[in-house]
Amino acid sequence: MTSLLKKLVMTTAVCAAPMLAATQALAEGERYVLVSHAPDSDSWWNTVKNGIKLAGDQMDVTVEYTNPPSGDIADMARLIDQAAASKPDGIITTLADFDVLKGPIRNAVDQGIDVIIMNTGTPEQAREVGALMYVGQPEYDAGLAAGTRAKGDGVTSFVCVNHAIQQPTIAERCRGFADGLGVDLGESMLDSGTDPAEIKNKVLAYLSAHPETNGILTLGPVSADPTIAALKENGMAGKIYFGTFDLGEEIVKAIKEGTIQWGIDQQPFLQAYLPVVILTNYDRYGVLPGNNINSGPGFVTKDGLQKVEEFAGEYR
C-alpha cells in the first residue's frame, strides 16, 4: 500500500468514526416521560396517549405516560420526581397546580433535564419553572372567547359545571366565561365532583333552584356527559344554551343533535404529539421553536363535524 493510500484510508476511518457514533446514538432512540394530572377515569386523555404513541413511532423514540390514578396533585408531584430520577432525555408535564408542582419541575430542570409544559399552566409559569416552552390552550382567553360568543347568542345567566375544582387553572375557563358575558362569576361555578351520577343530580338540582339560568358551560367530557343526561331527563335538552370545553363521543353526538351548541377544541393530540417532536429535534439538532404554541381554542359546531366525528376520542 502506498504512503498516500495509507493516509487516505486513515483519514477516512477517522472521519467515519464520529459519523458512526452519531448514527448509533440516533438508532438507540431518546426516552421521554409525559406526566399528567389526569385520573385513570378520565377517558379524554386517551387522545393524549395516542398522540405520544404516534410521535414516538414516527421519531423512533420511547415515550412513557404516567399519572396519579386518583388525580391527586401531590401524587403527581412525586411522579415528576420519580421521572426525573430515571434520567430521561426530557419530561413533558402538565402544570395543574403551580404552587405544588413548581418545585419538582424546577428540580428536574436543575438536573439538566429538558422540560416542556403542556395542557395546563401558562407560558409565564412555564418560563418561571425553567421549561423550554408551553404547548396548550390559554384557559382564561378560551373562556373569555366562549363567554363573548354566548353573550352574542343571548345568554345572561349561566352555570359552570367544574369537575376539577382542585385544579386552579381549569377554573380560569369559568372566570373567563363570566367576564365574556359581562357578569360576576359569583356562585355560578358548580363543584360537581367526578362521579357521573353525582354530577347529573347536582346539575338537575342547580337548574331547579335557579330557573333563570339560560346557559350551561361544562369543562370536558367528565362533566359534559352527565349534564347531557340531566338535560334529557328534565326536558331541557335543546332548549337551554349549552357549550362545553373539549370533545368526546357523547359531546359530538350532542352537538349533532342540537343539545350542545359548540365544543371548544384545545386539540389534545397536538398538545402531546408536538412536545415529543420538538424535544427529539432539540436533542438531535439543537433546533427549537422561538415561541410557545397555542393549540386552541377552536370552536366546533354542527357544521364542522365530519373530521371531528371520524376521529373523536382518538385524535380529536
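One can find the structure itself at the top, above this paragraph.
As a convention, each chain's residues are numbered from 1 in the sequence order in which they are written. pLDDT decides what is reported in this predicted model: residues at 70 or higher carry local features, side-chain atom pairs at 80 or more are listed and counted, and totals for whole chains, interfaces and linings draw on all residues regardless. Processing note: side-chain calculations cover all non-hydrogen atoms of the structure and skip hydrogens and water entirely.

Caption draft 1: The layout of surface pockets, seen in detail. In this analysis, the protein atoms alone were mapped onto a 1 Å grid. Cavities are point sets where a 1.4 Å probe fits without being able to get out; pockets are open sets with protein on both sides within 12 Å along at least five of seven lines; lining residues have an atom within 4 Å of a point. Grid points are joined across faces, edges and corners, and a volume is the space filled by probe spheres set on the points. In this structure, the largest pocket occupies an estimated 300 Å³ of space. Along the wall of the largest pocket there are 25 residues; nearest its centre are His37, Asp42, His163, Ala164 and Gln167. In DSSP terms, a helix is any run of H or I states spanning at least four residues, a strand is any run of E spanning at least two, and both are numbered starting from the N terminus. Broken down by secondary-structure element, the contributors of at least two residues to the lining of the largest pocket are helix 7 (168–181) and helix 9 (221–234). When grouped by side-chain class, the residues that make up the lining of the largest pocket number nine nonpolar, twelve polar and four charged. A volume near 160 Å³ is recorded for the second largest pocket. Each residue receives one of three labels: charged for Asp, Glu, Lys and Arg, nonpolar for Ala, Val, Leu, Ile, Met, Phe, Trp, Tyr, Cys and Pro, and polar for the others, Gly being one of them.

Caption draft 2: Broad picture of helix 10 (residues 249–257). Only protein chains enter the accessibility calculation, which uses a 1.4 Å probe. A residue is then buried if its area is under 20% of the maximum for its type, exposed if over 50%, and partly exposed in between. Buried residues of helix 10: Ile251, Val252, Ala254 and Ile255, and no others. The arc that holds every buried residue of helix 10, seen down its axis, measures 160°, which confines them to one face. When the buried face of helix 10 is taken as reference, the exposed residues oriented beyond 90 degrees from it are Glu249 and Glu257. Whether two residues are in contact is decided by their heavy atoms, any of which lying within 4.5 Å being enough. For helix 10, the elements touching its buried residues are helix 9, strand 9 (241–245), strand 10 (262–265), strand 12 (298–300) and helix 12 (306–311). Downstream of helix 10 by a residue or two, Gly258 has a phi angle that is positive, lying close to 95°. Think of it as the arc spanned by the lines of direction from the helix axis to the C-beta atoms.

Caption draft 3: Examining the packing of aromatic side chains more closely. In this scheme Phe, Tyr and Trp rings, the latter by its six-membered ring, pair at centre separations within 6.5 Å, and the angle between planes marks the pair as stacked below 30 degrees, edge-to-face above 60, and tilted otherwise. Inspection of every chain in the model, using the stated rule, returns seven aromatic pairs. Here Phe158 and Phe177 contribute two aromatic rings whose centre-to-centre distance is 4.9 Å and whose plane-to-plane angle is 65°, an arrangement assigned as edge-to-face. You can see Phe158 sitting in strand 6 (residues 158–162) and its partner Phe177 sitting in helix 7, a full 19 residues away along the chain. Of the two residues examined, Phe158 and Phe177, each falls in the buried class. On the basis of an interplanar angle of 70° and a centroid distance of 6.3 Å, the ring pair of Tyr241 and Trp262 is categorised as edge-to-face. One end of the pair, Tyr241, is in strand 9; the other, Trp262, is in strand 10, with 21 residues separating them in the sequence.

Caption draft 4: Broad picture of the pairing of strand 1 (residues 31–35). Among the five residues of strand 1, four are classified as buried, and the element is accordingly described as predominantly covered. At least two bridges found by DSSP between two strands are what make those strands a pair. Where strand 1 lies against strand 2 (residues 62–66), five bridges are found, and the strand directions are parallel. Bridge pairing links Arg31 to Thr62 in strand 2. We call a crossover right-handed when, viewed with both strands directed away from the observer, the connection leading from the first strand over the helix to the second proceeds clockwise. This β-α-β element, strand 1 to helix 2 (residues 46–59) to strand 2, shows right-handed connectivity. In the sheet, strand 1 pairs with strand 3 (residues 90–93) via four bridges, with the strands oriented parallel. Following the sheet pairing, Val33 is matched in strand 3 by Ile91.

Caption draft 5: Representation of unusual backbone geometry. The residue after Gly296, namely Pro297, is reached through a cis peptide bond having omega 10°. Positive phi, normally seen in glycine, also occurs at Asp60, with a value near 60°. With respect to the helices and strands, Asp60 occurs in the loop between helix 2 and strand 2. We note that Gln267 has phi near 55°; this positive angle belongs to a residue other than glycine. Turning to its location among the elements, Gln267 is positioned in the loop between strand 10 and helix 11 (268–285). Residue classification places Gln267 among the partly exposed residues on the basis of a relative accessible area of 29%.

Caption draft 6: Geometry of the sheet that holds strand 12. If you walk across this open sheet you meet the six strands as 7-6-8-9-10-12, and the pairing is mixed. Both outer strands of the open sheet, strand 7 (189–191) and strand 12, are each paired with one neighbouring strand and no more. Geometrically, the sheet is characterised by an average inter-axis angle of 25° between neighbouring strands, direction not taken into account. To obtain each axis, a line is fitted to C-alpha atoms, and for helices this fit is confined to the stretch in contact; angles are then taken between N-to-C directions over 0 to 180 degrees.

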